[in-house]
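So the chains spell out like this:
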Amino acid sequence: MRRTEAREALMMLIFQMDSQKDYSEEAAAPFMDCYMEGSDQMDYFNAVLENYKANKTAIDEKLEEASKGWHLERMAKVDLAVLRLAVTEICYMDNAEELFRVPAGAAINEAVNLAKKFGSEESGKFVNGILGKIVRG
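Residues numbered from 1 in each chain as written. Predicted model: local features only at pLDDT ≥ 70, side-chain atom pairs only at ≥ 80, totals over all residues. Heavy atoms only, no water.

J.: When you look at the overall build of the protein in this model, what are you seeing that I'm missing?
T.: Secondary structure summary: the protein contains 6 helices and 0 strands in total. Reading the helices (α) and strands (β) of the protein from amino to carboxyl end gives α-α-α-α-α-α. For 137 residues, the compact-globule estimate of 2.2 N^0.38 gives 14 Å, and the protein sits close to it at 14 Å. Dimensions along the principal axes, computed over C-alpha positions, put the protein at roughly 40 × 30 × 25 Å. Scored against the burial criterion, the 137 residues of the protein give a buried share of 47%. (Helix = DSSP H or I, 4+ residues; strand = E, 2+ residues; numbered from the N terminus. Rg over C-alpha atoms; globule rule 2.2 N^0.38 Å. Buried < 20%, exposed > 50% of the residue type's maximum accessible area, 1.4 Å probe, protein only.)

J.: Explanation requested: the pattern of salt bridges in the structure shown.
T.: Opposite charge on two side chains allows them to pair when their charged atoms are near. Taken as a whole and judged by the stated rule, the model has 7 salt bridges. In this structure, Asp18 and Arg84 form a salt bridge, with 2.4 Å as the shortest nitrogen-oxygen distance. Highlighted residues: Asp18 in helix H1 (residues 3-20) and Arg84 in helix H4 (residues 77-91), separated in sequence by 66 residues. Across the pair, Arg84 and Asp18 agree in class, each one buried. Between Lys56 and Asp60 there is a salt bridge; the shortest N-O distance is 2.9 Å. (Salt bridge = Lys/Arg side-chain N within 4 Å of Asp/Glu carboxyl O.)

J.: Help me out: how do you make sense of the nonpolar core in this one?
T.: As a rule of thumb, soluble globular proteins bury nonpolar side chains together. Counting residues in hydrophobic clusters, the biggest one holds 43 residues, and the most contacted among them are Leu13, Phe45, Leu63, Leu83, Val127 and Leu131. Secondary structure elements with two or more residues in this core: H1, helix H2 (25-35), helix H3 (42-66), H4, helix H5 (104-118) and helix H6 (123-136). Of the residues forming this core, the biggest block, 9 residues, is contributed by H3. (Core = buried A, V, L, I, M, F, W, Y, C linked by side-chain atoms within 4.5 Å.)

J.: Honestly, the side chain of Ser39 in this entry has me stumped. Any pointers?
T.: Note that Ser39 resides in the loop between H2 and H3. Residue Ser39 is classed as buried on the basis of its relative accessible area of 14%.

J.: I would appreciate a short explanation of the packing of H1 against H3 in the present structure.
T.: In contact at an axis separation of 10 Å, H1 and H3 are set at 35° when each is read in the N-to-C sense. Handedness of the crossing formed by H1 with H3: right-handed. Contact residues: Arg3, Ala6, Arg7, Ala9, Leu10, Leu13, Ile14, Met17 and Asp18 in H1; Tyr44, Phe45, Val48, Leu49, Tyr52, Lys53 and Lys56 in H3. Per-class residue counts for the contact of H1 with H3 are 11 nonpolar, no polar and 5 charged. (Axes fitted to C-alpha atoms, helices over the stretch in contact; angles between N-to-C directions. Left-handed = near helix turned anticlockwise from the far one by under 90°. Contact = heavy atoms within 4.5 Å. Nonpolar A, V, L, I, M, F, W, Y, C, P; charged D, E, K, R; others polar.)

Right, here's the structure in full:
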């Protein structure tokens, strides 16, 4: 499995967890068994997932601040899952192994591609704009 595919699986799991409001290991286990079984990206997947769960409140605060006029509840759920994943990679992977750290530009590019694949026609531009604001500070 490539890192891009692991990122796609992470976005889907974040979407599922947020939709069900269940961030437990028990909720994630069936998903991981189905999508990540035997993957060489499991360590990366777990590192990002743990950092997302540990920093969810701060991630959402960053998103709220960067998306003036767009409350998180109004955002498309797919876009929100993509944004949460990307912000985790950009802002909260500094304690992870160097191998798992992602340059901001690469994280934004991957997020835009995910948004285009799973979101609406405008999702790529929307995600790019929000993440650009976060990176610029």
